[in-house]
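Working through the structure, step by step
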Amino acid sequence: MRRPFAVHRYARLAALVLAVLMVSPAGNAAAVSYGVDEHTGSIEFLTRGLGLLPVHGDFGHFMGRLDLDPQDLAQTRIEVDVDADGIESPWPGVAPRLRSMAYLDAAMFPHILFRSTAMTPGPDRHFTLSGVLTIRGVARPQQLDVTAMRIGGGGADGTVAEVVATGTLNRSDFGMVADDGLVSDVIRLTITSRIRLPSGAVPAPGPGPA
């Protein structure tokens, strides 16, 4: 199954940001660029049909770039381009419907874009990632709550960090108003990634997975 939409794949971008924010890149004042794609991350969505049934899926292809200045984290920049046609769902008929003119209109608008505007630290390894999300050519502000933790590894092979970013959007804000009353307007996004940090870049201690 191909795996990219909304926002467990943007996610890999948030994942990489958080992983880098958890390290201490002392002595490096220059901005560092990181490439991001679907091979180490995911972008998943969840909504409800008929007010009860969960409807979920993901996006199978995306790519982007993270620019980080460790001396000025406020200047962190993330951009990601998600393939709208790559949306998938295990429910029969759902993916073609979501690619159609009624929803993403992937033929006319093949790209879902996210560009960050701010990264704000919060308590308990939480960060707020703010940016602009563009779907169907419509740009809207978007925020993601990002949590990072160390989950294992270390030594010569580096440390694996897991990052989870979550957020919600209203599909009607992007002109996706089909099936009103049958499909919820609220879409929940989950972005996850496991990142291997270089040896010596050790994230702040955090709980492992439950």
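Please read all numbers here as calculations on a predicted model, not as lab measurements. (Residues numbered from 1 in each chain as written. Predicted model: local features only at pLDDT ≥ 70, side-chain atom pairs only at ≥ 80, totals over all residues. Heavy atoms only, no water.)

Where burial is concerned, most of strand β8 (residues 126-135) is hidden: 7 out of the 10 residues are buried. Bridge count for strand β7 (residues 111-121) against β8 is 8 bridges, and the pairing is antiparallel. Counted as the bridge partner of F114 is L133 from β8. Linking β7 to β8, which pair antiparallel, is a turn of 4 residues; within it D124 sits at a positive phi near 55°. (Buried < 20%, exposed > 50% of the residue type's maximum accessible area, 1.4 Å probe, protein only. Helix = DSSP H or I, 4+ residues; strand = E, 2+ residues; numbered from the N terminus. Pairing = 2+ DSSP bridges.)

Bringing the nonpolar core into the picture now. F59, L104, I112 and I135 are the most contacted members of the largest nonpolar core, which totals 34 residues. Counting residues per element, this core draws most heavily on β8, which supplies 4 residues. (Core = buried A, V, L, I, M, F, W, Y, C linked by side-chain atoms within 4.5 Å.)

To continue, consider the confidence of the model for the protein chain. Looking at the protein chain as a whole, its pLDDT mean stands at 76, while 65% of the residues score no less than 70. Note on residues 1-11: pLDDT under 50 across the span, and 72 contacts to partners over four residues away in sequence or across chains. For residues 200-210, every residue scores under 50 in pLDDT, and the model assigns this stretch 21 contacts once sequence neighbours within four places are set aside. (pLDDT = per-residue confidence, 0-100. Contact = heavy atoms within 4.5 Å.)

At D105, a residue that is not glycine, the phi angle is positive and equals roughly 50°. Mapped onto the elements, D105 comes out in the loop between α2 (94-99) and β7. One non-glycine residue, R136, adopts positive backbone phi at about 55°. With respect to the helices and strands, R136 occurs in the loop between β8 and β9 (138-153).

Inspection of the secondary structure puts T134 in strand β8. Apart from the residues lying within four places of it in its own chain, the contact partners of T134 are H111, I112, L113 and A139.

Our focus in this paragraph is the pattern of salt bridges. The tally for this structure, following the rule as stated, stands at 4 salt bridges. Residues R99 and E88 are paired through a salt bridge, measuring 3.2 Å at the closest nitrogen-oxygen approach. Of this pair, R99 sits in helix α2 while E88 sits in strand β6 (residues 87-88); the two residues are 11 residues apart in sequence, bridging distant segments of the chain. Residues joined by salt bridges that share partners form a network here, namely D85, E88 and R99. (Salt bridge = Lys/Arg side-chain N within 4 Å of Asp/Glu carboxyl O.)

Note: strand β2 (residues 41-49) against strand β3 (residues 53-59), 7 bridges, orientation antiparallel. For R48, the partnering residue across the bridge sits in β3 and is P54. Alignment of β3 against β6, held across 2 bridges, turns out to be antiparallel. Counted as the bridge partner of F59 is I87 from β6.

Here the focus is the environment of D37. Residue position: D37 is located in strand β1 (residues 32-37). The class of D37 is partly exposed, set by a relative accessible area of 26%.

Mapped onto the elements, M63 comes out in strand β4 (residues 62-68). What makes M63 exposed here is its relative accessible area of 51%. Measuring from C-alpha to C-alpha, the distance between M63 and D83 comes to 8.7 Å, with 20 residues separating the pair along the chain. Here M63 is in contact with V36, D37, E79, V80 and D81, once residues within four sequence places are set aside.

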